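# Understanding the architecture of this molecule
Next come the chains, spelled out residue by residue.
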Amino acid sequence: GAVVSQHPSRVICKSGTSVKIECRSLDFQATTMFWYRQFPKQSLMLMATSNEGSKATYEQGVEKDKFLINHASLTLSTLTVTSAHPEDSSFYICSVTLGSRSVSADTQYFGPGTRLTVL
Amino acid sequence: GENVEQHPSTLSVQEGDSAVIKCTYSDSASNYFPWYKQELGKRPQLIIDIRSNVGEKKDQRIAVTLNKTAKHFSLHITETQPEDSAVYFCAASRDTGFQKLVFGTGTRLLVSP
């Protein structure tokens with residue numbers, strides 16, 4: 001499998017501020033990472049696919065200017081929630097896939113998640 | 001695009017009973033089907049997956065079956081234990097490299113001692 005970390009695990013911020021969440025692949029280089037959002041008692045909804053060295057691919061309905069994704073290295077992707085509002089409060093989870101390095105090309109391994117609360 | 005439906009939304013069983021969770025998908029090109037277990041406030045953990053070239057896969061008390069013709073797959077847990085209590089998600093994707101997973105709506109399983 002893959003070891004994935006996220007930081008911070010929890011963040012509380014005031015409405016209008018920006019919050020940066022880091023996702024790190026600790027034991028291998030990930031060219032692709034995924035960002036999900038999960039509201040309470042709901043399923044995981046893919047927000048965007050983060051590609052190292054290129055622009056992220058956003059899912060329909062996800063504002064790219066509000067959720068900024070930067071995948072600057074093979075082990076780090078960041079998600080910045082800009083001008084956060086209470087409706088952005090959610091559990092944000094990243095995942096990595098081993099891709100061609102594994103026979104299980106599409107198996108995704110998830111980070112521990114970041115719980116964002118916007119007051 | 002792909003749509004994955006999952007049933008039931010909640011499932012309560014007695015310890016030792018079996019539990020079955022069913023999912024259907026819409027994209028006939030999907031051929032990778034993982035199942036994840038998520039405990040409250042924690043990350044989803046892969047528990048088993050199946051690819052379209054097999055119809056059934058088993059790992060101790062957990063098994064998954066796939067019917068490609070009918071486009072549905074199921075998770076079977078035998079001899080359930082209280083620690084099996086969690087939310088289970090099915091998902092589907094195309095096995096062509098870095099393809100996104102589409103998740104089902106989840107099933108909250110409660111195993112009573």
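Everything discussed here concerns the structure shown above.
Below you will find a few notes about this structure.

The rules behind each value
Residues numbered from 1 in each chain as written. Chains lettered and ligands numbered in written order. Predicted model: local features only at pLDDT ≥ 70, side-chain atom pairs only at ≥ 80, totals over all residues. Heavy atoms only, no water. Core = buried A, V, L, I, M, F, W, Y, C linked by side-chain atoms within 4.5 Å. Buried < 20%, exposed > 50% of the residue type's maximum accessible area, 1.4 Å probe, protein only. Helix = DSSP H or I, 4+ residues; strand = E, 2+ residues; numbered from the N terminus. Contact = heavy atoms within 4.5 Å. Buried area = accessible area lost by both parts, 1.4 Å probe. Salt bridge = Lys/Arg side-chain N within 4 Å of Asp/Glu carboxyl O. Polar contact = N/O pair within 3.5 Å; in protein donor to acceptor, adjacent residues only side chain to side chain. Nonpolar A, V, L, I, M, F, W, Y, C, P; charged D, E, K, R; others polar. Disulfide = S-S within 2.5 Å. Pairing = 2+ DSSP bridges. Axes fitted to C-alpha atoms, helices over the stretch in contact; angles between N-to-C directions.

### Here's the deal with the nonpolar core
- Formed by 26 residues in total, the largest nonpolar core has its most connected members in Trp-35, Phe-67, Leu-79, Tyr-92, Val-96 and Leu-116 of chain A.
- When residues of this core are traced back to their parent elements, those giving at least two are strand 2 (10-13), strand 3 (19-25), strand 4 (32-38), strand 5 (45-51), strand 7 (67-73), strand 8 (76-81), strand 9 (90-97) and strand 11 (114-118) of chain A.
- One finds Ile-21, Ala-86, Ala-92 and Leu-109 of chain B within the second-largest nonpolar core, a separate group that totals 24 residues.

### Focus: the interface of chain A and chain B
- If you look at the interface, chain A gives 26 residues, while chain B gives 24 residues.
- Taken over both partners, the interface formed by chain A and chain B buries close to 1800 Å², and the fraction arising from carbon and sulfur atoms is 53%.
- Here chain A and chain B share one salt bridge between them.
- The partner of Lys-100 of chain B in a salt bridge is Glu-59 of chain A, and the shortest N-O contact between them spans 2.6 Å.
- The interface formed by chain A and chain B contains six residue pairs in polar contact (both at pLDDT 80 or more).
- When contributions to the side of chain A that touches chain B are tallied by element, the ones reaching two or more residues are strand 4, strand 9 and strand 10 (108-110) of chain A.
- A total of four residues in the side of chain A that touches chain B trace back to one element, the largest contributor, which is strand 4 of chain A.
- Of the residues assigned to the side of chain A that touches chain B, the class counts are 11 nonpolar, 11 polar and four charged.

### Brief notes about the state of the cysteines
- Counting across every chain of the model gives two disulfides over all chains.
- Residue pairing for Cys-23 of chain A: its cysteine sulfur links by disulfide to Cys-94 of chain A, the two sulfurs lying 2.0 Å apart. Looking down the S-S bond of the Cys-23 of chain A and Cys-94 of chain A bridge, the torsion is 80 degrees, so its handedness is right-handed. Here Cys-94 of chain A lies in strand 9 and Cys-23 of chain A lies in strand 3, a separation of 71 residues in the sequence.
- Residue Cys-23 of chain A is classed as buried on the basis of its relative accessible area of 0%.
- When its relative accessible area of 0% is taken as the criterion, Cys-94 of chain A is described as buried.
- The residue that forms a disulfide with Cys-23 of chain B is Cys-90 of chain B, at a sulfur-sulfur distance of 2.0 Å.

### Quick notes on the sheet that holds strand 3 of chain A
Residues and elements named next belong to chain A.
- Here we have four strands laid out as an open sheet, ordered 1-3-8-7, and antiparallel in their pairing. Each edge of the sheet is formed by a strand with only one pairing partner; in this case those strands are strand 1 (4-7) and strand 7. Within this sheet the neighbouring strands show an average axis-to-axis angle of 15 degrees, counted without direction.
- Taken together, the four bridges between strand 1 and strand 3 define a ladder with antiparallel strand orientation. Bridging across to strand 3, His-7 finds its partner in Glu-22.

All quantities given are derived from atomic positions and should not be read as evidence of function.
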